[in-house]
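Descriptive structure summary
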Amino acid sequence: MPEQLFFAAEVIMNGLMAGVLYALVALGFVLIYKASGIFNYSQGVMALFAAATLVGIMDGQVPFSHLINAILGTNVHHFGWHVPAVLAILMTMAVMVLLAWAVNRFVFKYLVNQEAIILFMATIGLAYFLEGTSDLMWGGQLKTLDVGLPQGMNATLDEVTFGMFGYGFFIDNLDIVASIVALILVVTLTVYSQYSKQGRALRAVADDHQAALSVGISLNFIWILVWSIAGFVALVAGIMWGAKSGVQFSLSLMALKALPVLMLGGFTSIPGAIVGGLIIGVGEKLFEFTLGGMMGGATENWFAYVLALIFLVFRPQGLFGEKIIERV
Amino acid sequence: MKLKLITAVTAAMMVAAPAMAELTFSALSYRTGPYAANGIPFADGYQDYFTLMNERDGGIGGERINLVECETAYNTEKGVECYEATKGQGVLVYQPLSTGITYQLIPKATADNIPMHTMGYGRTSAKNGNTFSHIFNYPANYWDGASIAIKHILDVNNGDISGKKIALVYHNSAYGKEPIRTLEELAKKHGYELTLLAVDHPGQEQKSQWLQIRRERPDYVLMWGWGVMNSVAIQEAVNIRYPMENFIGIWWSGSENDVLPAGEGANGYKALTFHNLGSDYPLYADLQQYVKDAGKAAGAGDQMGTVLYNRGLYAAMLAVEAAKTAQEIHGTAQITPAMMRDGMEALEITEEKMAAIGLPNFGPTFSVSCENHGGDGFGAVKQWDAAAGEWSLITDFFQSDQDVLNPLIAEDSAAYAAENNIAARCE
């Protein structure tokens, strides 16, 4: 096979891996949308908040230290201890559950039965609030995140493929880990929503709020549960992206990558998020590889949206989304 | 009617009073947004230097400094809003820390008779003071940076880089595109092959670009990045095992923030600089005493000595020295923006001056003139030592290729002058 073809195969493989990372962000959107009909604009910021909280806990940073010092005139920044990664992840998860409770208690409790656009606007407000809270709690500076994930080129694959084809394929170890984690997440979430009691309740709420309430399902509990799971997914996405680039504000912009994935895969389908992510990942990389040079490069951002828009024309509900029929 | 008039005049005087009694500087900073991680240390350094001047020296020439901070979030529209909102307060000089904002403010600041200092960024041809009367970009600009990088590569290759492949990974914005013209001209002169690889904002995903680099194996990679783009690019370079000593970033791609996420792998990465590094300077003892220990540090005071903190410090120092020059020229401590412009145009930075300030050998010596608003284009190359966790200079400050750059600057500024009907102003 000519080298050009091998390179194209390498681009496709890496596109698939990038797609998995996009899907990780999209997954959080889908979970909340399915259960509550809320398009959670703050999902990207939740990833930033979760990752910043994780680093802060690991480093023993005093939350809100700038604020405390400014008000009390003290000079405290660190507790002086370091928390092991696993324990810090569990503690961050607890913070995300607390956040889920707070979001429902102080925001969405008052917005039940409101128009979707109002709920969406509330999540925009939540995104700004979380951005500020994250900076205030942990500072806006770059934080390095090391939870022991492997990074760098997978040497085995490089050597094996070089031995076989005379062309060493590149895959980042972190991308492999992200793919495995995403697979586990999707399988777990699918099984959970299909077979567990809470999962069935979750689907009941998704189908019809009022009918679910009438059979004794607690809307409040389900929403807290869903926001907690979305918080967990945000934490996982934050760890994967944060390990690559450090934890900084740009993590919150990942949401921009998830949007075309959702448009393509459908807002209500967990497998749709994965398939959508893979199509966007491969599509944008292949386009950049084949035609990007002719267009001055940096085509990936807009190409993802163009691809999603094309899908929208022919299949507005996305590949796996439910077709919404509204009768007047 | 009379009462209304008196009330209005009194109110206007009350509003204007603080600005009249002080020297007002602006800090168009970004402590929030996608580039906050870099904006914070720069803003801290900039602010701390002015605080030091107030606390230690009682201001400049006996006039206290009033620093007006406005958050731009590195957003061009917000930057312009900040300018419009603060210019009425008598701001002496603007330093927008964004090429996008700079391009918008060039005609506005010129019309308002307020000088602007775009140190190491902005429109390169603004070096030509004949055309750009109010814009200054000393001590170096992007084209100097491009030339300094190529000169360093020439040095490493015994003066011959013909046939070599050099790739430019750049932020797909006005900033990132600035060096392309120069690199193309230098390619004609030195015979290297240039490949351009654009990365879209914010630069979190660069797999395509680095797969291409892995495949084509350019001999050198130059980077014009900012924010997360830098750290991702360095991580991707580590991932594909690109030799880090052949990877050179512009001065905006060479802070601790850029290399730390990649850990040990970033060891050997190079970047350019137009000022020195670290905190081993007498000035830092004063910063500790009058600013940090006094609880007056901007932010947490934890950025001191970092690359971008030092850059903010340096920018403020150059502004203060220009203000002092303006005070000398006009024989008054209460200078106006127009007088500040004169001070900037007559600024001279000597080694004696830097030593007296407490920053010996902190940057290149240079002088500004009516024709030359950009200094002499000196820069140095630094390298990251991951084990020590610090940058160190690996060259002295050396000059860019003025033979190539000056005609380019003349050409670009002439086009701007023709477009805007600007007559040459220097005799």
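What you are looking at is a predicted structure, and each value in this text was computed from that prediction instead of being measured. (Residues numbered from 1 in each chain as written. Chains lettered and ligands numbered in written order. Predicted model: local features only at pLDDT ≥ 70, side-chain atom pairs only at ≥ 80, totals over all residues. Heavy atoms only, no water.)

We now examine the overall build of chain B. In terms of regular secondary structure, chain B is built from 15 helices and 14 strands. Here the C-alpha atoms of chain B give a radius of gyration of 22 Å, agreeing with the 22 Å that 2.2 N^0.38 yields for 427 residues. Within chain B, buried positions represent 61% of all 427 residues. Contacts spanning at least 24 positions in sequence make up 70% of the contacts within chain B whose residues lie at least 6 apart. Total accessible area on chain B is roughly 14,900 Å²; 50% of this is exposed by carbon and sulfur atoms. Looking at chain B, you have 31 positive and 50 negative side-chain charges, and the mean spots of the two groups are 4 Å apart. (Helix = DSSP H or I, 4+ residues; strand = E, 2+ residues; numbered from the N terminus. Rg over C-alpha atoms; globule rule 2.2 N^0.38 Å. Buried < 20%, exposed > 50% of the residue type's maximum accessible area, 1.4 Å probe, protein only. Contact = heavy atoms within 4.5 Å. Areas by Shrake-Rupley, 256 points an atom, 1.4 Å probe, with all protein chains shown as cover. Lys, Arg positive; Asp, Glu negative; His and termini not counted. Charge placed at Lys NZ, Arg CZ, Asp CG, Glu CD.)

Bringing the overall build of chain A into the picture now. From N to C terminus, chain A includes 13 helices and zero strands. Seen in sequence order, chain A has helices and strands lined up from the N terminus as α-α-α-α-α-α-α-α-α-α-α-α-α. Whereas a compact globule of 328 residues would reach a radius of gyration of roughly 20 Å, chain A reaches 21 Å, a difference of no more than 12%. Counting only C-alpha atoms, chain A reaches 60 × 60 × 40 Å along its principal axes.

Let's shift gears to the state of the cysteines. All names here are of chain B. Scanning the entire structure with this criterion turns up two disulfides over all chains. Bridging Cys70 to Cys82, the disulfide has an S-S length of 2.0 Å. Handedness of the Cys70-Cys82 disulfide follows from its S-S torsion of about -75 degrees: it is left-handed. Taken together, the positions of Cys70 in strand β2 (residues 65-71) and Cys82 in helix α3 (residues 76-86) put the pair 12 residues apart, joining distant regions of the chain. Put simply, Cys370 and Cys426 are joined by a disulfide, and their sulfur atoms are 1.9 Å apart. Because the sign of the S-S torsion sets the handedness, a value of about -85 degrees for the bond joining Cys370 and Cys426 places this disulfide among the left-handed ones. Of this pair, Cys370 sits in the loop between β11 (366-367) and β12 (378-385) while Cys426 sits in the segment after α15 (402-420), placing them 56 residues apart in sequence. (Disulfide = S-S within 2.5 Å.)

This part covers the interface of chain A and chain B. Each side of the interface is counted separately: chain A has 43 residues, and chain B has 38 residues. Across the chain A/chain B interface, buried area totals approximately 3,200 Å², and carbon plus sulfur atoms make up 54% of it. Linking chain A with chain B are five salt bridges, by the criterion used here. A:Asp172 serves as the salt-bridge partner of B:Lys207, at 3.8 Å between the closest nitrogen and oxygen. (Buried area = accessible area lost by both parts, 1.4 Å probe. Salt bridge = Lys/Arg side-chain N within 4 Å of Asp/Glu carboxyl O.)

This part takes up the domain arrangement of chain B. All names here are of chain B. Here chain B is partitioned into domain 1 (2-140 + 283-377) and domain 2 (142-273). Distance between the C-alpha centres of domain 1 and domain 2: 30 Å. If you look at the interface, domain 1 gives 22 residues, while domain 2 gives 20 residues. Carbon and sulfur atoms supply 55% of the area buried between domain 1 and domain 2, which totals about 1,900 Å² over both sides. Remark: the boundary between domain 1 and domain 2 carries zero salt bridges. The interface formed by domain 1 and domain 2 includes 12 residue pairs in polar contact (both at pLDDT 80 or more). Residue assignment for the side of domain 1 that touches domain 2 shows that the elements contributing at least two residues are α2 (36-57), α4 (99-112) and α12 (307-330). Tallied by class, residues from the side of domain 1 that touches domain 2 come to 12 nonpolar, eight polar and two charged. (Domains from an automatic or database assignment. Polar contact = N/O pair within 3.5 Å; in protein donor to acceptor, adjacent residues only side chain to side chain. Nonpolar A, V, L, I, M, F, W, Y, C, P; charged D, E, K, R; others polar.)

A separate point is the packing of aromatic side chains. Under the counting rule described, the total for this entry stands at 39 aromatic pairs over all chains. Each member of the aromatic cluster is reached from another via a ring pair, and the members are A:Phe29, A:Tyr33, A:Phe39, A:Tyr41, A:Phe120 and A:Phe267. Geometry around A:Trp241 places A:Lys244 over its ring, the cationic atom sitting 5.4 Å from the centre. The lysine or arginine in question, B:Arg311, covers the ring of B:Trp252, its NZ or CZ lying 4.7 Å from the ring centre. (Phe/Tyr/Trp six-rings, centres within 6.5 Å; stacked < 30°, edge-to-face > 60°. Lys NZ or Arg CZ within 6 Å of the ring centre and 35° of its normal.)

All names here are of chain A. Relative to the helices and strands, Leu24 resides in helix α1 (residues 3-36). Accessibility expressed as a relative area gives 1% for Leu24, which makes it buried. For the pair Leu24 and Val181, spaced 157 residues apart in sequence, the C-alpha separation works out to 9.2 Å. When neighbours within four sequence positions are excluded, Leu24 is seen to be in contact with Ala182, Leu185, Val233, Val236, Ala237 and Met240.

Over its 23 residues, helix α5 (residues 116-138) of chain A runs 32 Å from end to end, which matches the ideal 33 Å to within 8%, given 1.5 Å per residue. Backbone geometry just downstream of α5(A) places A:Gly139 in the positive-phi region, at approximately 85 degrees. (Expected span 1.5 Å × (residues − 1).)

We now examine the side chain of A:Ser42. Residue and element names in this part refer to chain A. Secondary-structure assignment places Ser42 in the loop between α1 and α2 (43-58). A polar side-chain atom of Ser42 sits 2.5 Å from a polar atom in the side chain of Asn40. Once you skip the residues sitting within four places of it in the chain, Ser42 turns out to touch Thr123, Leu126, Ala127 and Trp227.

Attention shifts here to the confidence of the model for chain B. Overall, the predicted model of chain B reaches an average pLDDT of 93, with 95% of residues at or above 70. Across residues 13-20 of chain B, confidence stays below pLDDT 50; counting only partners more than four residues off in sequence or on other chains, it has three contacts. (pLDDT = per-residue confidence, 0-100.)

Okay, the side chain of A:Gln248 next. Looking at where A:Gln248 falls in the secondary structure, it is placed in the loop between α10 (219-245) and α11 (254-265). When residues no more than four places from it in sequence are discounted, the contact partners of A:Gln248 are A:Leu48, A:Leu142, B:Pro34, B:Ala37, B:Gly227, B:Val228 and B:Ser231.

On to helix α13 (residues 337-345) of chain B, then. Residues of α13(B) that are buried include every one of B:Pro337, B:Met340, B:Arg341, B:Gly343, B:Met344 and B:Glu345, and no others. As for α13(B), its buried residues are in contact with β1 (23-29), β3 (116-117), β4 (135-136) and α12 of chain B.

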